[in-house]
Amino acid sequence: MRLYPLNATQEDMLSETNWETMENGYVVCAYYELPHNYFTAEKIAAAYQEVLDKLHYCHAHLVQVEGKWMISEDTGMPNTVNRYQMTYEEWEARKQEFAKPFKILEEPGIRINIIDTAKCIVVCCSHFHLFFDGISIIGIVRAFEDVMHGVPLEDQGDICAEWNEQEIASYGSSAYERAKTATLEKFKGLKYTDICRQTVNPWGHTLYSIYLLDYSRLSHIRLKANAMSEKQQEKMMTTICVAAYALALGQMAGTTDVCFMTTNHGRLDKRLTPKVYGDFIKSMSLRINTDPEQSVAQLLAQTRTALYGVMRTIGYPWSHMMRDLGIPQEDQTGTEMNVSGSSIYEYANLFGVDYPCYRIESPESAKHIFMVVQIREEGLTFNVEGSDALYTKEQLDEIARLSGEFALQLTGNQDAKIGELIPPYAGLHRR
């Protein structure tokens, strides 16, 4: 397998490495609980080992060549399913251990752990976010499902290497320069909107909030009916949720000029499918005007335009924007929101049954507000996390609730003005 360079996003994520321990904490850790009456730990472990053996991207790791960081997919790097036997109570007490940082020079970018308990079989998967984004994570789960269902696996080849090399080769091209010009014009004077007074990320304990917008309250837009395809539903809800988050963030921060980060998984090539692995994640910025005098339709149209606009300039990386705008390091971390489709590592489907995943998060965080909206069977969940050195639990509860309630309001009368639908916001005490 050939070596290939890191893309701009990976370079940015690598900079967060602890150079003393050579560990990087960009870990996405999720687990599934499977019943004993259908599965055995031995069969599950064997299926995941087949995935690791046949898909060379499961061996992706970092190497240094003449002082330069490169990615290798050498299957000579050992990658073995780990087996444990313990009580469920012991698993509950120890689960945080399985979300530990990755040693960037010593192990591949995915760890598979099978924990056999009397209650159930726990399948715990840790992914190094430098290599794996949401779509590639579900790709690994789908490969596991294929093996369990007897479907032959196909390796994806070197498309990840091709993607990175093409991105780097495009720097300075006419398309890059056009994207650069448009981006710098839009985000000149950039300052990310936040509801706390600090911009530097001090470490603190991780705070979480979850707000459920039940489908029964969304029945008027026929989300669960056959009026729209699943893709159409998710696209519509993406626009609505992004606009709702912009409103919530703006009201809590006391501004109508809202700027925050979002993510695009970047699969623009027709050859790319959910079974193709690789880090195609791209950080982007959105700037949305939440003026209460505009109509719901105008806000949604503006949000849709903003989303498509940043997709058109995706060839100009976020880290380049920060560099060219001269944004100091302490102002480079922004509030962030993403809408995760129902297909993003939330369920493992085995023999017609969906088994939901559960996330294991770091107990400590330096994060500013990070919201993920998940489209689940019971409705939309607005999941917020952040550092308690930056926020109070009440603030995160409120922005989750406001985002959900504003999303509901935006599915109503499209001609109504924003200010008519959403009453003035009194505001929580901000630090």
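Predicted model only: the values in this text are computed from it and were never measured.

S.K.: Please explain the pairing of strand S5 (residues 68-72) as it appears in this structure.
M.R.: A regular strand places its side chains on the two faces of the sheet in alternate fashion. Taken across its 5 residues, S5 has 4 buried, putting it largely inside the fold. As defined by bridge partners, strand S1 (residues 4-5) adjoins S5 across 2 bridges and the pair is classed as antiparallel. By the bridge assignment, Pro 5 is partnered in S5 with Met 70. Here strand S4 (residues 61-65) pairs with S5 via 5 bridges, running antiparallel. Bridging across to S5, Val 63 finds its partner in Met 70. Between S4 and S5, which pair antiparallel and follow one another directly, the connecting turn spans 2 residues, one of which, Glu 66, has a positive phi of 50°.

S.K.: What am I meant to see in the state of the cysteines here?
M.R.: What is meant by a disulfide is a covalent connection between two cysteines, made through their sulfur atoms. The final tally for this structure, using the stated rule, is 0 disulfides. Of the cysteine sulfurs around Cys 29, a residue in no disulfide, the closest is that of Cys 124, at 3.6 Å.

S.K.: Explain the nonpolar core here, please?
M.R.: Among soluble globular proteins, nonpolar side chains are generally buried collectively. Formed by 68 residues in total, the largest nonpolar core has its most connected members in Ile 44, Tyr 48, Val 51, Leu 62, Trp 91, Ile 114 and Phe 131. Broken down by element, the residue count for this core peaks at 8 residues, all from helix H4 (residues 134-148). Ignoring sequence-local partners within four residues, the contact set of Leu 62 consists of Leu 6, Leu 14, Trp 69, Met 70, Ile 71, Ile 104, Leu 105, Leu 130 and Phe 131. Of all hydrophobic cores here, the second largest spans 52 residues; its members include Val 258, Ile 288, Ile 399 and Leu 410.

S.K.: How do you make sense of the packing of helix H6 (residues 174-187) against helix H9 (residues 318-325) when you look at a structure like this?
M.R.: In a pair of packed helices, the angle between the axes and the distance between the axes together describe the arrangement. Closest axis-to-axis distance for the H6/H9 pair is 11 Å, and the angle between their directions is 60°. By the angle class used here, H6 and H9 are oblique. Taken as a pair, H6 and H9 cross one another with a handedness that is right-handed. Residues Tyr 176, Lys 180, Thr 183, Leu 184 and Phe 187 of H6 lie in contact with H9, whose contacting residues are His 320, Met 321, Arg 323, Asp 324 and Leu 325.

S.K.: I would appreciate a short explanation of the sheet that holds S4 in the present structure.
M.R.: Within a sheet, neighbouring strands are paired by backbone hydrogen bonds and run either parallel or antiparallel to one another. Strand order in the open sheet formed by 3 strands is S1-S5-S4, and the pairing between neighbours is antiparallel. Among the strands making up the open sheet, the edge pair consists of S1 and S4.

S.K.: What should I look at first to understand the environment of Arg 376 in this one?
M.R.: Turning to its location among the elements, Arg 376 is positioned in strand S17 (residues 370-376). Here Arg 376 falls in the buried class, since its relative accessible area comes to 14%. Arg 376 sits 161 residues away from Tyr 215 along the chain, and the two C-alpha atoms are 9.4 Å apart. Setting aside its immediate chain neighbours within four residues, Arg 376 contacts Tyr 215, Glu 346, Tyr 347, Pro 356, Cys 357 and Thr 381.

S.K.: What am I meant to see in the packing of helix H2 (residues 41-54) against H4 here?
M.R.: For the pair H2 and H4, interaxial distance at closest approach is 9 Å and the crossing angle is 120°. By the angle between their axes, H2 is oblique relative to H4. Remark: the crossing between H2 and H4 carries right-handed chirality. Every residue of H4 that contacts H2 at Lys 43, Ile 44, Ala 47, Tyr 48, Glu 50 and Val 51 is listed here: Ile 140, Val 141, Ala 143, Phe 144, Val 147 and Met 148. Tallied by class, residues from the contact of H2 with H4 come to 10 nonpolar, no polar and 2 charged.

S.K.: Explain the environment of Met 236 here, please?
M.R.: With respect to the secondary-structure elements, Met 236 resides in helix H7 (residues 230-253). Through-space distance from the C-alpha of Met 236 to that of Leu 300 is 9.5 Å; in sequence the pair is 64 residues apart.

S.K.: Before we go on, may I ask you to explain H2 in this structure?
M.R.: Helix length check: H2 (14 residues) gives 20 Å between terminal C-alpha atoms against 20 Å at 1.5 Å per residue, within 8%. What H2 keeps buried is the set Ala 41, Ile 44, Ala 45, Ala 47, Tyr 48, Gln 49, Val 51 and Leu 52. Each element contacted by the buried residues of H2 is listed here: strand S3 (27-34), strand S6 (82-85), strand S8 (110-116), strand S9 (121-128) and H4.

S.K.: Hey, could you run me through the sheet that holds S8 in this one?
M.R.: Read across the sheet, 6 strands follow the order S6-S8-S9-S3-S15-S14 without closing on themselves; strand pairing throughout is mixed. In the strand order of this sheet, the two ends are held by S6 and strand S14 (347-350), each with one partner. Within this sheet the neighbouring strands show an average axis-to-axis angle of 25°, counted without direction. Pairing of S6 with S8, which is carried by 4 bridges, proceeds in the parallel orientation. Note on S8: the bridge partner recorded for Arg 83 is Ile 114. Relative to the sheet, H2 contacts S3, S6, S8 and S9, its axis offset from that of S8 by approximately 170°. Contacts between H4 and the sheet are confined to S3, S8, S9 and S14, with S14 contributing the most and set at about 15° to the helix.

Rules behind the numbers
Within each chain, residue numbers correspond to sequence positions counted from 1 in written order. In view of the model being predicted, local features appear only for residues whose pLDDT reaches at least 70, and side-chain atom pairs are presented and counted only at 80 or more, with totals across whole chains, interfaces and linings using the full set of residues. In computing side-chain values, all of the structure's heavy atoms are included and hydrogens and water are not. Burial classes: relative accessible area under 20% of the type maximum marks a residue as buried, over 50% as exposed, and values in between as partly exposed (1.4 Å probe, protein chains only). Secondary structure elements follow DSSP: runs of H or I of four or more residues count as helices, runs of E of two or more count as strands, with numbering from the N terminus. Any two strands are treated as partners once DSSP identifies two or more bridges connecting them. When the sulfur atoms of two cysteines come within 2.5 Å, that pair is taken as a disulfide. Among buried residues, the Ala, Val, Leu, Ile, Met, Phe, Trp, Tyr and Cys ones that are joined through side-chain atoms within 4.5 Å form a nonpolar core. Whether two residues are in contact is decided by their heavy atoms: any pair within 4.5 Å suffices. Fitted lines through C-alpha atoms give the axes, limited to the stretch in contact for helices. The angle between two N-to-C directions lies from 0 to 180 degrees. An angle below 35 degrees is read as roughly parallel, one above 145 as roughly antiparallel, one from 65 to 115 as roughly perpendicular, and any other as oblique. Here a crossing is called left-handed whenever its near helix is offset anticlockwise from the far helix by less than a right angle, and right-handed whenever the offset is clockwise. Here the term charged refers only to Asp, Glu, Lys and Arg, the term nonpolar to Ala, Val, Leu, Ile, Met, Phe, Trp, Tyr, Cys and Pro, and the term polar to all other amino acids, Gly among them. To estimate how far a helix should reach, multiply one less than its number of residues by 1.5 Å.

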